[in-house]
Amino acid sequence: MINGALVTLAGFVATEPVSKTINETTRKVSLRVAWNSRYQDKVTGEWRDSKTSFANVNCWRRMASNVAPSLRKGEPVVVTGRLAVREYDKDGQRRITVDIEADAIGHDLSRGVTHFQRTLRSSGDEATQRHLGDLSKGEGTTDGLPGDDLTGAGSLDQAHAGQELVGDAGAGSDMFDQDAVDALAAATTAEPAAVSAPF
């Protein structure tokens, strides 16, 4: 059993994201997210905003690299992550802070629109993405990308068949049917008899 609290909240970015590097290798971005709920005043019937709450949201590694250029103060966001409540002393008073270790974070699309751009992990991934882009446009082949059926099952079947054929030849087997080759060589009439292909 896993002990912990998973939360999802919708709110606004309250501070500009702050980037840090931990141990010279691990990227971290921290930001505060604010939210408040609305309630109806029983006396006046008007809707009012409750007191604003805040949480510190920590994003790590690849997510941190994506959050830094993507989120700005005042933008609506949805955050999912693991909740932690910490107590600390400040000026002789005990205070409480709420932290969320983010598993996912992004713009709240119920409040606006955004543009998504996929990021690449390495130069090898970049080459793969370019190749996938060519395939989606009908360019190139599936060579080197087994299992990515982007051009239809027939293309992959042909590619796999070709690989099996080359593999058999490499094992020393005869690729050609000698009888069929001899039959083709002997067929010199205007209407040659039907013969099987030599391969």
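Residues numbered from 1 in each chain as written. Predicted model: local features only at pLDDT ≥ 70, side-chain atom pairs only at ≥ 80, totals over all residues. Heavy atoms only, no water.

**Q** Can you break down the overall build of the protein chain residue by residue, with the values?
**A** Scanning the protein chain from N- to C-terminus turns up four helices and eight strands. Going from the N terminus to the C terminus, the protein chain shows its helices and strands as β-β-β-β-β-β-α-β-β-α-α-α. Split into buried and exposed, the 199 residues of the protein chain put 18% on the buried side. Pairs at least 24 apart in sequence give 49% of the contacts found in the protein chain among residues at least 6 apart. When the accessible surface of the protein chain is split by element, carbon and sulfur atoms take 51% of a total near 14,700 Å². (Helix = DSSP H or I, 4+ residues; strand = E, 2+ residues; numbered from the N terminus. Buried < 20%, exposed > 50% of the residue type's maximum accessible area, 1.4 Å probe, protein only. Contact = heavy atoms within 4.5 Å. Areas by Shrake-Rupley, 256 points an atom, 1.4 Å probe, with all protein chains shown as cover.)

**Q** Quick one: what's the story with the nonpolar core, residue by residue and with numbers?
**A** With 17 residues, the main nonpolar core has Leu31, Val33, Val57, Cys59, Val67, Val79 and Ile105 as its most contacted residues. When contributions to this core are tallied by element, the ones reaching two or more residues are β1 (5-13), β3 (26-35), β6 (53-60), α1 (61-70), β7 (76-90) and β8 (93-107). Contacts of Val79, omitting those with residues within four sequence positions, involve Val7, Thr8, Leu9, Val33, Val57, Ile100, Ala102, Ala104 and Ile105. (Core = buried A, V, L, I, M, F, W, Y, C linked by side-chain atoms within 4.5 Å.)

**Q** Could you give an account of α1, naming the residues involved and the relevant values?
**A** Among the residues of α1, those classed as buried are Ala64, Val67 and Ala68. Burial along α1 is one-sided: seen end-on, the buried residues are contained in an arc of 105°. Where α1 is buried, its residues meet β2 (18-22), β3, β6 and β8. (Arc of directions from axis to C-beta.)

**Q** So what about unusual backbone geometry? Which residues, and what values?
**A** One non-glycine residue, Glu24, lies in the positive phi region at around 65°. Mapped onto the fold, Glu24 is located in the loop between β2 and β3.

**Q** Which residues make up the side chain of Asn56, and what values go with them?
**A** By the element assignment, Asn56 lies in strand β6. In this structure Asn56 comes out as buried when scored by relative accessible area, which is 18%. Polar side-chain contacts of Asn56 include one of 2.8 Å to the side chain of Arg32. Beyond its immediate chain neighbours, meaning those up to four positions away, Asn56 contacts Leu31, Arg32, Thr97, Val98, Asp99 and Ile100. (Polar contact = N/O pair within 3.5 Å; in protein donor to acceptor, adjacent residues only side chain to side chain.)

**Q** Before we move on, can you summarise the pairing of β3 with the specific residues and values?
**A** As paired elements, β1 and β3 share two bridges and run antiparallel to each other. Across the sheet, residue Phe12 finds its bridge partner in β3, namely Ala34. Pairing between β2 and β3: five bridges, direction antiparallel. Within β3, the residue paired with Lys20 across the bridge is Lys28. Here β2 folds back onto β3, and the loop between the two strands holds three residues, one of which, Asn23, carries a positive phi near 55°. Pairing between β3 and β6: eight bridges, direction antiparallel. Looking at β6, one finds that Lys28 is bridged to Trp60. (Pairing = 2+ DSSP bridges.)

**Q** Lay out the pairing of β6 in plain terms, naming residues and giving numbers.
**A** Bridge analysis of β6 against β8 gives three bridges, and the strand direction is parallel. Considered in β8, the bridge of Asn58 is made with Glu101.

**Q** Lay out the pattern of salt bridges in plain terms, naming residues and giving numbers.
**A** Throughout the structure, instances matching the rule amount to eight salt bridges. For Arg86, the salt bridge is made with Asp99, and the minimal N-O distance between the two is 2.6 Å. On the criterion of sequence distance, the pair formed by Arg86 in strand β7 and Asp99 in strand β8 is long-range, its members being 13 residues apart. Using a relative accessible area of 41% as the deciding quantity, one classes Arg86 as partly exposed. According to the relative accessible area criterion, Asp99 is buried, its value standing at 9%. Note that Glu87 is salt-bridged to Arg94, the shortest N-O span being 3.3 Å. The pair formed by Glu87 and Arg94 is uniform in burial state, with each residue classed as exposed. (Salt bridge = Lys/Arg side-chain N within 4 Å of Asp/Glu carboxyl O.)

Take it as geometry only, folks, not as evidence of what the structure does.
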